[in-house]
Amino acid sequence: MRVVIVEDHALLREGIVALLREHDVEVVAQAEDPEGLLRVVRGHRPDLAIVDVRLPPTFTDEGLRAAIAAREIHPPLAVLVLSQYVEPVYTAELLSSGGTGGIGYMLKERVGDVRAFMDAVHRVHAGGTALDREVVAELVRGRDESDDCGLDRLTPREREVLGLMAEGRTNAAIAETLVVTGGAVEKHVTNIFQKLGLPVSQGDHRRVLAVLAYLQASG
Amino acid sequence: MSADTVDVLRHDDEREPDPAFGLQVAFSATVGAAVTVVWVAAGGEDFWPRWVWFGLAVLLVLHLLVRWAVLTPPWPGKALRIGTTVLVVLSIIDVAIWMLTGANDAFWPLWPMIGYGVIAASATAVVHRHRLPGARSQQLIERVDELTRTRSGALDVQAQQLRQIERNLHDGAQVRLVALTMQLGRAEARLEDAGDEATLALVRRARVEASAAIGELRDLARGIAPPVLADRGLAAAAESLGKRAAVPVVVETRLGERPAPVVEAAAYFVVSEALANASKHAASSEVRVSLEQDRRRLVVVVADDGPGGADPLGSGLTGLRRRVEALDGRFAVASEPGVGTSIRAELPCVS
């Protein structure tokens, strides 16, 4: 795995780099601004870019725009966007951006939960999705408001499973988190898809996309 | 003093040339010249055109006087000018009578004119004793202008400072706390490998605490200066608030050029507070947020179909009212029981 880190705070950049190296992830380049990211993407063709949303020069959402632009240059690039805020507007932009690589959007402090963070890094690198639970909570809340949706037909347990699915977790990871068997998770998943009227799709990633498409349908 | 009064007062300063008066001068000059030519052609006896000239001049003077009196600030400056106008007209009538009766006697209109002069002088003196209202209005206008300017300057500075505080939090304390959680996380991983369960539990708890502190700082920063507002503007920020709300929200925006940050922030907090209220009190099936901007103002309306009966004097709504009125805006709450609550804020947004 070849990774580029874009973060303007040296303290955080070094922390993430050290963490990744401890887990045998190759950090091919570090950058501090959008220009740097695009240069690295053109030059090194990395697999994964870990990008801070707020970057120079204006310290607003350059990182997000740069990540989307980098995927246009190099569509297989997987992007993991880190931020101190999650914004529903940004989630929608990221998920609808072009490119074929995986997508992640997480709060920065989640990096401290090393196992979950490395799990997310690997998932996004493998073309999957990793969304912060706050992002998912907002998506679910947004969907919940619209009437005639199936969410209220789900049991509390099924809602939990739905949330974890939307974060991008695999069945195995969901089973571990909820301390249940893999078989139990599969049963919940089948029920959820049935109650929401979603076509049962094969493969974790396509399943996530189906759930996200459903959640985002509220607008 | 309301904005309307200032507008009226300002009329006095903006004395544009009066085209009607120019026309009248031209007309009078032409007629005067014409009758003089006729008089010369008729043989030049008894200079009768002076009556025509006199009549035309009187009309011109009347025109000027009326204009001068009408375009005055209200009482008592206006009274003084109208009084003076009446006295001048009386003097003209006296002089006209004197001329019509032959103009041969002693100039008797002098005596009434002296009387008029005394009346005008004493009236002027009285008004001046009341500190010359015309000048006082002028002072008030200047003072209002100055206060408006400095207040909006102060609010702009405040908005910038809040944004700066948010930046400082983001780049200072929050970064350090995030770095701390990363280091604690790495320590956790090592303790896990070493199998030191007791220390691991302590470190994990420390990391969870640090994460909670980051969460609290994030909420604090969002309450001070929401980043999405600065990044993407009002429409995106309202959309974001709508998505975060616990009730269904429909957002409609018709916005032009971005207004001043302080106006944007006020509009944002109106929407935010109104949505929070709607979520808290109302079992609304839907809340409608509308943001419309034209050249002069930004109108924010948040309406729900909940049970109504909100207290316009409650602390939240009073805070919003103050915020809006500090920007010379208008704020209204309609909350009939059974009809729903509608909050409307109108913010001037001319730079």
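Think of each chain on its own: its residues are numbered from 1, step by step along the sequence as written. Throughout, the order in which chains and ligands are written sets their labels, letters from A for the former and numbers from 1 for the latter. Selection of residues for local features in this predicted model requires a pLDDT of at least 70, selection of side-chain atom pairs for listing and counting requires 80 or more, and totals for whole chains, interfaces and linings are taken over all residues.

So, about the overall build of chain A. Secondary structure counts use DSSP, requiring at least four H or I residues in a row for a helix and at least two E residues in a row for a strand, with both numbered from the N terminus. Within chain A one finds 10 helices and six strands. Taking 17 Å as the expected radius of gyration for a compact globule of 219 residues, we find that chain A reaches 17 Å, a close match to that expectation. Projecting the C-alpha coordinates of chain A onto the three principal axes gives extents of approximately 50 × 35 × 25 Å. Field definition: a residue is buried when 20 or more other C-beta atoms are found within 10 Å of its C-beta, exposed when 12 or fewer are, and partly exposed for counts in between, with C-beta atoms placed from the backbone. Put simply, chain A has 219 residues, and 46% of those count as buried. We call two residues in contact whenever the C-beta atoms placed from their backbones are within 7 Å. Taking contacts inside chain A between residues at least 6 apart in sequence as the whole, the part at least 24 apart equals 66%. Atoms counted for the radius of gyration: C-alpha only. Globule rule: 2.2 Å times residue count to the power 0.38.

Turning next to the interface of chain B and chain A. Contacts between the two partners involve 29 residues from chain B, matched on the other side by 23 residues from chain A. Going through the elements one at a time, α7 (173-194), α8 (197-224), α9 (227-232) and α10 (234-244) of chain B are the ones with two or more residues in the side of chain B that touches chain A. Of all the elements, α7 of chain B adds the most residues to the side of chain B that touches chain A, at 12 residues. Ten residue types, Ala, Val, Leu, Ile, Met, Phe, Trp, Tyr, Cys and Pro, are classed as nonpolar, four, Asp, Glu, Lys and Arg, as charged, and the remainder, Gly among them, as polar. Taken together, the residues of the side of chain B that touches chain A break down into 13 nonpolar, seven polar and nine charged.

What follows concerns the packing of α10 of chain B against helix α11 (residues 261-281) of chain B. All names here are of chain B. Every angle, taken between N-to-C directions, lies between 0 and 180 degrees, and every axis is a line fitted to C-alpha atoms, over only the stretch in contact when it is a helix. Axis separation between α10 and α11 bottoms out at 10 Å; the angle between their running directions is 15°. Classified by the angle their axes make, α10 and α11 are roughly parallel. The interaxial crossing formed by α10 with α11 has right-handed handedness. Between α10 and α11, the residues in contact are L234, A237, A238 and L241 and E264, A267, Y268, V271, S272 and L275, respectively. Among the residues forming the contact of α10 with α11, the class breakdown is eight nonpolar, one polar and one charged. For classification, angles of less than 35 degrees are called roughly parallel, those exceeding 145 degrees roughly antiparallel, those between 65 and 115 degrees roughly perpendicular, and all remaining angles oblique. Here is the rule for handedness: rotate from the far helix to the near one, and if that takes an anticlockwise turn smaller than a right angle the crossing is left-handed, while a clockwise turn gives right-handed.

It is worth spelling out the domain arrangement of chain A at this point. Residues and elements named next belong to chain A. Domain delimitation in this document rests on an assignment produced automatically or drawn from a domain database. Taken domain by domain, chain A consists of domain 1 (2-131) and domain 2 (135-216). Summarising the inter-unit geometry, the C-alpha centres of domain 1 and domain 2 are found 25 Å apart. Taken together, the contacts link 13 residues of domain 1 with 13 residues of domain 2. When residues of the side of domain 1 that touches domain 2 are traced back to their parent elements, those giving at least two are α4 (88-95), α5 (114-125) and β6 (129-131).

Residues and elements named next belong to chain A. The sheet built from six strands is open, its strands ordered β2-β1-β3-β4-β5-β6 with parallel pairing. The open sheet terminates on both sides in strands that have one partner only, identified here as β2 (26-31) and β6. Within the sheet, the average angular offset between the axes of one strand and its neighbour, ignoring direction, is 20°. Across five bridges, the pairing between strand β1 (residues 2-6) and β2 is parallel. Directly across from V3, in β2, lies its bridge partner V27. Strand pairing follows a simple DSSP-based rule, namely that at least 2 bridges must link the two strands.

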